[in-house]
Structures are given as structure tokens and as C-alpha cells.
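Here is what each chain is made of, one letter per residue.
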Amino acid sequence: MGRLKLQPGIKAIEEEPEDCDTTFSDRDKAALACMINSEIGAVLAVMRRNVRWGGRYMSGDDQLEHSLIQTLKALRRQIFSWQHQWHSINPVAYLQPFLDVIRSDETDAAPITGVALSSLYKILTLDMLDLNTVNVEEAMHLVVDGVTSCRFEVTDPASEEVVLMKILQVLLACMKSKASVMLSNQHVCTIVNTCFRVVHQAGTKGELLQRIARHTMHELVRCIFSHLPDVDNTELSLVNGGGSNKEVSGQHRDYSFGSKQLENGNGNSGYDGQASSASFAPNAGLVASGMDENVVPPGNGKDTVPYDVHLMTEPYGIPCMVEIFHFLCSSLNDVEHLAMGPRSNTIAFDEDVPLFALGLINSAIELGGPSIRRHPRLLSLVQDELFRNLMQFGLSMSPPILSMVCSIVLNLYHHLRTELKLQMEAFFSCVILRLAQSRYGSSYQQQEVAMEALVDLCRQKAFMVEMYANLDCDITCSNVFEDLANLLSKNAFPVNCPLSAMHILALDGLIAVIQGMAERIGNASVSSEPAPVNLDEYTPFWMVKCNNYSDPDHWVPFVRRRKYIKRRLMIGADHFNRDPKKGLEFLQGTHLLPDKLDPQSVACFFRYTAGLDKNLVGDFLGNHDEFCVQVLHEFAWTFDFQDMNLDTALRLFLETFRLPGESQKIQRVLEAFSERYYEQSPQILANKDAALLLSYSIIMLNTDQHNVQVKKKMTEEDFIRNNRHINGGNDLPREFLTELYHSICKNEIRTTPEQGAGFPEMTPSRWIDLMHKSKKTAPFILSDSRAHLDRDMFAIMSGPTIAAISVVFDHAELEDVYQTCIDGFLAVAKISACHHLEDVLDDLVVSLCKFTTLLTPLSVEEPVLAFGDDAKARMATITVFTIANRYGDFIRAGWRNILDCILKLHKLGLLPARVASDAADDLEPSSEPGHGKPLTNSLSSVHVPSVGTPRRSSGLMGRFSQLLSLDTEEPRLQPTEQQLAAHQRTLQTIQKCHVDSIFTESKFLQADSLLHLARALTWAAGRSQKGSSSPEDEDTAVFCLELLIAITLNNRDRIVLLWQGVYEHISNIVQSTVMPCALVEKAVFGLLRICQRLLPYKENLADELLRSLHLVLKLDARVADAYCEQITQEVSRLVKANATHIRSQAGWRTIASLLSITARHPEASEAGFDALLFIMSEGAHLMPANFVVCVDAARQFAESRVGQADRSIRSLDLMGGSVSCLTRWAQEAKEAMGEVESVKMSQDIGEMWLRLVQGLRKVCLDQREEVRNHSLSSLQMCLTGVDEVNIPHGLWLQCFDLVIFTVLEDLLELAQGHSQKDYRNMEGTLILALKLLSKVFLQLLTELSQLTTFCKLWLGVLSWMEKYSKVKVRGKRSEKLQEIVPELLKNTLLVMKRKGVLVQRSALGGDSLWELTWLHVNNIAPSLQSEVFMDQDCGQSQPNRGEGKESVSAEMEAA
């Protein structure tokens, strides 16, 4: 039971042989016999040299040899006669003679004992004893018993030390022997006990013995506990209180180490030169006496209960390990009490003793490892007694002790953390967090050791995650992760002092935590923001459980929910401290308390919420209100007083609130406490009234003893007398009351607990409470390598971490520290980006940009050299741009700072020329530009150079050449090697930054980040504009605009996102600029280029893009004039490239407006007309959407006198030729559309035709004869060439009124009102106009004659003929007009007669068509009536009108 399994795999730890290189299996029997023989000879030789053994003993008359010599000689005779193999020979035969010498009272000379021990050691190390040897168990037991009971006479200190060292040597050889597994638990304990006594006695001996003794003890512990993983996992038999398991007496009780005291014996006395005897009986264990039960509470009794005799005599296993471990822990207790507490500064305190014990414990834990948890008694020792001592020694002033304690805790965390949840919390809160801060009185050495321990723990990847999940997310535990993270951040800050090793150490811890998070990111896909926790309904928060603590799918949501509850409780506590009623209402509103308060929920709020004002809690609990009384009882029921002393329970109870001052309230509080205590730990109390009375008495004693105003203190007898007959009428045991009295006197019960006084001290009562809680606490959650909670943790520590790393980076002077900080910055950036913590990443960027030195005003003459010499600035710059390129998706406001750095590099001429390239001229969307690939030139390459101050040579090589060049006036010295090296470093730094990638790769940025980048560019450009109008500021604004246009072109698929901001920025530039400059040039041509490049891809945005070109129309006249030709060329390119993509009227209206403006510009008109020709020539790109605006633009070119008349005529041809498009569209409408659509299209075509002829009408008034006449011809063609277009009659009437009659009128005014110099040959133009009137009228005669308004139209025609017949050109009538008018009129009348339109009829109203016609005709040519109607008289009646119609129709058909 609990023993070593005797398997081949379990081997003793073998010591390297000293004297021989061969093994037992290789030696022959004779060789071994010779070796033993030589040892016999050595012992006999030393014995003979001693006077006492030199002669023969007298027995009567015969002289006989002593029995010891006889047995040795007998062995010498036998060894050569043994024929069997050595493993078949009983080892007792050849071991017993040596053991007799060692144990004999007669051989008390140290040299003899020493030689016998050496012989025994040699035999043990020859591997003659193994598991196959017969009777090996008895032999091993004999060896241990013999050596541990060794007796010898001390003749001098040196010989004594030799013997003691050889005893240690032999005992260690026993444990390392292959046969050591046959030793019993009892014998292993004896070996350890003997070695420990030698260690103790060696304190007064030489240094060598001390070191060997301690080394042997370490080796023994290592040897024993290295077998722990191989021990059977079985429950151990314990001695219970009753039955046959009585207390073991005799030698077997000797092995319960913890209950023995040292029997000094003669060997421990001072040496005065006389012989004295040193005894090593197995009944002397080393534990100092004088334990003070009140300083540190003893164990609960379980750990000190010994094993029974049977188990102790079995082959060794768990029983001896438990005894040894318990003994080591107990030795710490004794040292602590003897030393008057670990923090005492007394000379009597020797740090070697506890350091030695702690070292042994550390070895045991290192080798036992996780196997300890399989053995409840060992685990219990670790959980309680060991950790309690670690808590005490952790506050030691001795750095070695503190360091060893921290090493043990690290090992315990590594192996047993799942079993030590609350113990770990207590150690960090009460030791590490206290020692690492100087305000608690710790020395620098203590702070450093504590910080080193914390950093070691932080380097364990899962440490901080597990602290957060198990402690910070537990409402009953403190926020250890948060406290440790804050501690590291705070200790990394050098406040008013230079950077020290402590700061670097704390920084290492911080960065270890951060890098652990960064490494976990790559282990699994990390979700973005976790789902928020919401409590929709009330659930008792103290009862929240997890279904599976090993499955992340269960425990991750569980701990997040628990952390949410904890935070809400803290907020509720804050509200409660200000106003209890509002605090409870707040918690009801968040569903942490029920809508109708119940006593249990309020009690648990008081019990489990940290940060509550204990005065308010005490007042609430002491209130006489019925609900408050119920809460008080429920509050008392949250405590576990099982197996506690009354004073300990009372201390724990009163630590949670302030005991009210009123006696009635005290009565109520103590009644609730007593009832709960009696229910759980009645012990010797008769009833709860006894508990109440005794509790009250304890409170009174506490006040009496610790109130300075009480002069006469209560004595022990007074206290006992005051408590007579309270236990159900009987007295309590005097010993019980005495113990209570002394406990209260030594350790005050604080009835006014401290309010949040930092990290608490671990008191005995608190430790007992911790052990109770540890049995009920939730299981320890083990974290895997995935980033389940990293986002929550990082959100807590990111701010202080960035600040701490930044401050260290600022103060650091060594490059390895720089690199550590940079690694931290990059890890922070990676985590922030992965978990979408944009604000954190922005803060990081802001902090880093400050270290680039690029944002500070220039304070040096040559900033480029200064930058090259500043390693910190260069590293920070590379880091900023590395973050921008890697994690740009998650940068928001930080783009402004990054852009400031870029602008500074630009001002210094350090940026490569390709930075502002949009990387779209020579790159297809599928290709990705490499960093080394040359990109396209700046946007300014597509047009003329800027008007304004020429920019200085840019680019890093430009700056470099300036440095190398010689000024003509003041020749510079050649640059030094240091300057050249600085420039080279600067060049390499900028190359590593890959600034251009930020913009060329912007198409991969997330939308929010891209938008913030664009806004940052706009902001930076606008800031430069608002400042002084220096060339440098303008250069900056131009550069920002270039970058803005570049990212716009790179993100054509997301143009909607950027367009509004880009447009507004360009609009501000255009409308605020009154003189030509590089900025407005870049704005205008950038806008045109954006439109040109994006129109093919974004037809849905075509209108908006083209509408933006209205900005060009708003340019100041001086600006527009300076760039008109280039603008027109760009517009022409845009039209030629994208004519098929422009489909809306609004878009074409903008294009036409831009082209129209150029008609009167000398340089730009040619390009403008070229674009118009491209659109209108043969109707190539004419469409209903652009017909009207293009015709109007062509009219403006026709009217323009900038170019030759030939261009105006070509413009008129374009207008005239466009009528064919109308004909085509009308035909297509009839064939392809339905009736309704066809009618609508016909109406639209009619409107377009009317606008066309109206445009031509205006050109008919041109001052140039050829243009004027050509326009009339084109107008006539457009009026007569639309037979296939179904022009409505009403539209024709409008055409006569608005076009034909108007042009006649306008031409008539021109002919009469201007000189011949202005308008040459107006006579010919008037004739053409009249002919146009006649031709159009006659062509439409049939349709128009059907209209009711025909008479009015006809009279209008006659009226204009009459006016033209009487017109005076240059003051006299025109003969040509006088000739042509009657001819045209006659022809018209003849056609009207032939078609039956003009016939005589009876006039009823007196104004018939006939009469009115002849009335006007007679004014022009009176003879025409007779000429036209030669066969009729004027009064002759006209034939039937219907017959006339038929005759006209017949003539028409014949024609």
C-alpha cells in the first residue's frame, strides 16, 4: 500500500563508481573475495595498532583473541572457499563482521570505526547487493541499523568529523543501491533522521562537514522523492481515533518526525580534549521545542497522525515520504518561532536553517511534481502547512530565503496549480504585491527578488490567463491579474530617477505577458469582439456555475459572465457607499438582485462584494428592522465555522463589517453569530446561549486589553471568573478559557476593520478561513494555447502597458533595451489589430510617433544627419511604418500622426518620388507592386508644370547630392565619414519603412481605416492651407492632395466611400484660389483624372463624377485662363475614352458646358472642337441624352470668331448633320417600341428638333456672310429634311413663330440697322431667308392647311413677303428683293391654287381666306391675281371645295 512497485523500470540513483569501472556481472568470484579480504586486512591493521587491541585478552589462564577479531579472521578464511555465485551467498555473512565493529561499544576509537565504515561503503558500491541477492532485505536493514547506531570514542575533532562524513557516505550509498527498494519506511526515516542530526551537529564542526552533511541530505531527499511518480496510487492507512489503532509506542513512534526533540547527547557538548561519546540512536528526531501555538496555527491534526506499525515496516513508499515532508515543513515552523518571526532583525536569526529546509522541500517538489496530487496526505501538507510557512517566509528580509520561497511557488504553480487556487491568490496578494512596492516597507533587495519571481511566472504562457480566469473572474477572489499587470506597469516607470535594473525587469515581465498573447493569436482563429454579456433576468449571482470547466466552449462564456457580474457588483458597491438605497436599486436594475429584495440576496451581496463601506454594512446588519435582522441571519449563514476555535470564527466574522457601537446592535450581531457557530462547531459548548455569552465576554476582553483608555487590565483569573456557570450552568474547562484569554491578549480582534488598506496580511484566522474556502471553491480552469480571454485582458492592461514601454523607451540608452521595447510595441500592435481594439492601436501609434523626432520642430542645422545618428528615432520610425503596413486596417485617428511623419520626411526630401503614385498607370488590378518595383510618376506628369515656386530637389539622393555639392559662394567642406555613415543609415531606414506601400496597397485597407486615412490627408492639407502661404506649406498641401488622389484611384471599387470627402476638399481649393498655383492645378487635373479613370468602372456614379467637373466652371477667371488649354485636352481625353459610358443628360450637360467655354479661348478652342467633332461627327456618339447640349455647344463654336470661319461652317455641318440622328431614332422608335413609348419618343424628338433649328436660327445672324448664309442653308435642310420624323402640327406652328418668322425679323433689323462694314451682302442673306420661308411653307402646305389657324399662318407669310418687298438696304429699296418676292409669292399662290387651298368662296364674315389673301397680295403685286387666276374673274364663284381638294390630290399623286 503506497509502496514502490518492484519493477525493472525502477532503478536506484546510482553513484559513479570511484575505484572500479567494471560491474558485478563482469567480475569473477576470486576478485571479489580479494577485495573483501583487503578490507578485512585494513580493519585488522588499524585495530592492531591500537593499544587496546594490540595484545590478547585474558580469560582465566588462557590468552584469547577478542571475538571481533575472531569473526574478521573467520570471514577471511571463508571467503575464498565459497563456490557459489555471490548473489546466492547471504550478504549478512560478509557484512556482519564489519557491522559488529561499527556497533561495538568496545571499538570506540574513531579510526577503527572509520575504516570499518569505509569498508562497508566499498562493498555497497561494488554492486554486490541487488534484488537477486538472497536475504538482501535483512542485509540492508542490518546495514542501516548498524550504521545509525554507530558508537565511537572521540579522541580529536578531526577524527570525529571523518567518522561522521563516512556515516553519511554509507547511508547515502544505501539509498542509491539497487537494493534500496527493499528498505522499509521505518529505515528510510531512520536514515533521513540520522543525516539531519549530523547536519544539526555539524553546525559546531568544520565547514567541510557542514557542506557534506547538507549535500548528503539533499541527495537523500532527491533519491527518495524521485521514486514518487512510480509509487502505487493507493489510499494510505491512517490511524483513526478509536478501535484497535492505538497510539504506537516504542521504536515505531520514533519515525513520526514532527513530534520529537533533539537528544543532544555527549556528541553535542563542547569538546574539552577529553573523550566523549557520540550517539546516533534512531529515537532522536530534530525538531526544536518551544512552539508558540498562537503565532502560527498548528495543523488540524490530520497531518501529524502517524502511520501504523505494519505500514512502517513495509518496503518504503508514501508513508516515509509523508513523514519526511511533514518533518521538513515542521522544521520551518520551529525555525520561525525560534527566530522571533521572519521579519525580525535579530542576530540570533540564522538564515541557513530555513534556507536549508526550503531547499530540501524544493527538491522534493521538483522531483515529486504532479504525482503529489495523487496522494492526499502529501497534497494536504503542501496545501496547508507548507504554504502557510511559505506565506510567512515570503516576507523574510533575507533575499536568499525569499528567492527560494519564490522558486518553490513557481514549481508548485507548474505542477500543482489546479490544487492551489486560493493559496496562489493569497501568496500573490500578501507577499508578491506587498514586497514589490516600497511603500509597504520592503527593501530594494526584497522588491527585486519579488519582481524576478513575478517575471518568471509571467514567462509561463498560461499564467496570466489562468490568474484572470480563476481569480479576476471570481466574485470571491481579488483581481490578481489586474493587480499584477498594474504592478509591472508601475514598476517599469522611472519616476524622477534614471532607468534601473528594476525598471527593465518589470518591462520584461510586461512584454512577456504581451508576447504570450501575441503568440496565442496564431494558434487559432480569433473572433472579433465577443458577444456582450447581458443579464435579462435575475439569477443568484453567487450560484452561477459552469457545466464543464475543461471545455472552452463552456468555461469561456462562463468566466466572461462572471467577470461582468463582478464589475457590476463593484459599481453597485460604489453606489451603495454613496447611498445604500440607490445602490440596491441599481443592482435590481441590472438583475443582480431580485425586483423584490429577499434577505439571502442582500446578505450575499454584503458577503461577496469587495469595496463595500464596512461601516454602512455594519449599520445595516445591526438595524432592528425585521428585514435587516433577516439579512443578518442569512449573512451569518454564509460563513463556514466547521472545526474552528471560537475566537478564530469571531475574528473572521467581524473582519467583514464594522461592529456597531450600540449595545443592542452588538447583541443582535452576536446572537446571529453564536447561532451559526453553535450549529457548526458545538465542541464543548452546551448550547447557543453559551456561545453568545462567551462571544460577548471575548468582545469585552478584547476592548479591555486593547483600549488605551482602560488603565486596569483584566487578568486571566478575572476572565475565568467572569465566565463561570455560562455553559448550561456548568463551567467551561479552565484550559479552554486560558487559551482564549492569551489568544485575545496577543492578537487583537479588530472591531473596526480597515477600509481597503491595500494588500492584507495573512493572519492565522484568515488562513484557516482560506483552507475552508479552498474545499468549496470552483475548480481551477486550465488555459490552452488559444486566445480565449486575451481581448478582455488586453483591454485592461493595454493603456498602462503602452505608457510603461514608452517611458522606458524614452529613458533607455542601450540598443538591446530599445529592441525589447520595439518587440513590445509590435506585440501590442498585433494584439490590438487581431482583437479589433482600434483605440489602443491609435494610442500606440501616437506614442510611437513622438519617438521618431519627426514631429518636433527642427532644432538642429542638419536634421537628416541628426536622424541618421539617432538609433532610437530610426527604430521608432521603422516600427511606426511597419505597424501602418501590417495593421493599417485597424488604425483610425492614428493616421494623422503617421501622416505628420510622412510630411516631415517629405519636407526633408527623404521620400522616394514614387510615394504619391497611384500605381495604376502601368499595373493591372491583379498585379501587386513589390516594394522595389518603380512606380509611376506623380500626377503632375500628365500636364504642364505647375505655375508657382519650383520645388527643391526632393528624394533622399537629392538631399545626399546637396550634401556632397559645393556652394559657389561658400564652398563646403567634404562630408566626414560620420556624416556619410549617418546618411547611409537614414537611407536604409527609409527603405525599410516602405512608405509607398501604405498608399499603393490602400485598396486592401478596411473601409473605416481607408476613410480615416483620407480624412487625415484632407486635414493635413487643409491645415497647411490655413497657415501661412509659404511655398513649403503649399508644397505640403500639394503633396497631400497627390496622396489623396492616389488612394482615390487605387480604390475605384470603393469610390463611394471616399468621393464626398475628396470632392469637398477639391471644391474648397478651387473656390478659394484666385491666382494660378500648383495646388489648384493639382486639384483640377486630379479631379479630371479621377473622372477619366473611374468612369469606365462606375457607371452608377458617372453623373456624380461628371457633376463634380462643374468645379472647373467655378474657377476664377485668371486661374481658368491659365489652365484652359490643358483642361480642354483632359476633357477631350475623357470624352474620347468614356463617351460610351456617359449616358445621362446631366453628365453630358457638364461635358458640353466645359467644351462650350473653350469655343472662345484661342488656345483651347481647337482641342474643344476636336472633342465635339468626336461626339457629333456622323452622329457617332450622339444620343437623346446629349443631343440638345451638343447642338448647343456646336452653335457656340459656330458663333465663335476665335478660329477660322471654316471651323464655324464645320460646326454648322455638325448641327445640320445631326438631323439624320433624329430621323434614325424616330424610325427605331416605330419599330422597337410600343405605341405609348413611340408617341413619347416622337415628342422628345420633336423637342430636340425644335432646339436644333432654334440654335441654327441664332447662327443665321452671324456677322460673317459665309457663316450666316451657311447657317440658313443648314436651317433649311433641317426644316425640310424631317419628312420621316413625325413632327406634330403644333410644333410646326411653333417653328414658324419662333424660328422662321423670328429669323426673318432679326435679319431685317440687321439689314436696316447696321452698316455694310459690319454685315456684308445682307441682301443675299435676306433672299435666302425668303426662299427658306417659301420652301418650307409649300412643303408643309397640305398638312398646315388642315389647321384652324392656317389662315393666321398664311397671313403671316404674306406679311413678311410684303415687308421684304419694301425693305430698304443702305437707304434704298433692293431691286433683287423686289424681283424675287413677287416670283416667290406667285409660285406660292399657284401651288395653293393647284392644291385647292386658295379658292374663292362666299364670304359670310367678310374676312375669308380668299379676300384676306388678295388684300395682302395686291399690296405687293396687284397683277398677281389675274396672272394666277387668268380663267376666272374675281367675283366668279369658286367650285365646290371638296372637288378642289380632289383635284389637288390628283395633281399631287401625278407629281
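The coordinates are above.
Residues numbered from 1 in each chain as written. Predicted model: local features only at pLDDT ≥ 70, side-chain atom pairs only at ≥ 80, totals over all residues. Heavy atoms only, no water.

## Here's the deal with helix α30 (residues 764–774)
Reasoning step 1: If you check which residues of α30 are buried, you get Ser765, Trp767, Asp769, Leu770, Met771 and His772.
Reasoning step 2: Those residues of α30 hidden inside the fold are in contact with α13 (376–393), α15 (421–435) and α25 (646–655). (Buried < 20%, exposed > 50% of the residue type's maximum accessible area, 1.4 Å probe, protein only. Helix = DSSP H or I, 4+ residues; strand = E, 2+ residues; numbered from the N terminus. Contact = heavy atoms within 4.5 Å.)

## Comments concerning the pattern of salt bridges
Working definition: two side chains of opposite charge can pair if their charged atoms are close together.
Reasoning step 1: Applying the stated criterion to the full structure yields 40 salt bridges.
Reasoning step 2: The partner of lysine 776 in a salt bridge is aspartate 640, and the shortest N-O contact between them spans 3.2 Å. With lysine 776 in the loop between α30 and α31 (790–811) and aspartate 640 in the loop between α24 (626–636) and α25, this pair connects stretches of sequence that are 136 residues apart.
Reasoning step 3: One salt bridge in this structure joins arginine 1224 and glutamate 1228, with 3.9 Å as the shortest N-O distance. One end of the pair, arginine 1224, and the other, glutamate 1228, are both in helix α51 (residues 1219–1232), 4 residues apart, so they sit about a helical turn from each other.
Reasoning step 4: Linked through salt bridges whose partners overlap, the residues forming this network are Arg1160, Asp1192, Arg1195 and Glu1199. (Salt bridge = Lys/Arg side-chain N within 4 Å of Asp/Glu carboxyl O.)

## What to know about the nonpolar core
Reasoning step 1: Ranked by internal contacts, the top residues of the largest apolar core, which has 464 residues, are Phe325, Leu412, Phe606 and Trp1249.
Reasoning step 2: Those residues within four positions of leucine 412 in sequence are excluded, and the remaining contacts are Ile365, Val382, Leu386, Phe387, Leu390, Arg417, Leu420 and Met424. (Core = buried A, V, L, I, M, F, W, Y, C linked by side-chain atoms within 4.5 Å.)

## Looking at the side chain of serine 184
Reasoning step 1: With respect to the helices and strands, serine 184 occurs in the loop between α7 (157–176) and α8 (185–201).
Reasoning step 2: Polar side-chain contacts of serine 184 include one of 2.7 Å to the side chain of histidine 187.
Reasoning step 3: For serine 184, the residues in contact, after removing those within four places along its chain, are His141, Met312, Thr313, Glu314, Pro315 and Tyr316. (Polar contact = N/O pair within 3.5 Å; in protein donor to acceptor, adjacent residues only side chain to side chain.)

## Focus on α24
Reasoning step 1: Residues of α24 that are buried: Cys628, Val631, Leu632, Phe635 and Ala636. The buried residues of α24 all sit within an arc of 135° when viewed along its axis, so they share a single face.
Reasoning step 2: Residues of α24 that are buried sit in contact with α22 (599–608), α23 (614–622), α25 and α26 (663–680).
Reasoning step 3: At the N-terminal end of α24, a side-chain oxygen is found 3.0 Å from the backbone nitrogen of phenylalanine 627, two or three residues along, and the residue is aspartate 625. (Arc of directions from axis to C-beta.)

## A closer look at the packing of aromatic side chains
Reasoning step 1: On inspection of all chains with the given rule, the structure shows 39 aromatic pairs.
Reasoning step 2: Judged by centre distance (5.5 Å) and plane angle (75°), the ring pair of phenylalanine 635 and phenylalanine 639 falls under edge-to-face.
Reasoning step 3: For phenylalanine 635, a relative accessible area of 0% gives the class buried.
Reasoning step 4: We classify phenylalanine 639 as buried; its relative accessible area is 3%.
Reasoning step 5: Here the aromatic rings of tryptophan 1410 and tryptophan 1414 are separated by 5.4 Å at their centres, their planes lie at 70°, and the arrangement is edge-to-face. Of the two residues, tryptophan 1410 and tryptophan 1414 both sit in helix α59 (residues 1409–1420), 4 residues apart, roughly one turn of that helix. (Phe/Tyr/Trp six-rings, centres within 6.5 Å; stacked < 30°, edge-to-face > 60°.)

Shape descriptors only; they carry no functional weight alone.
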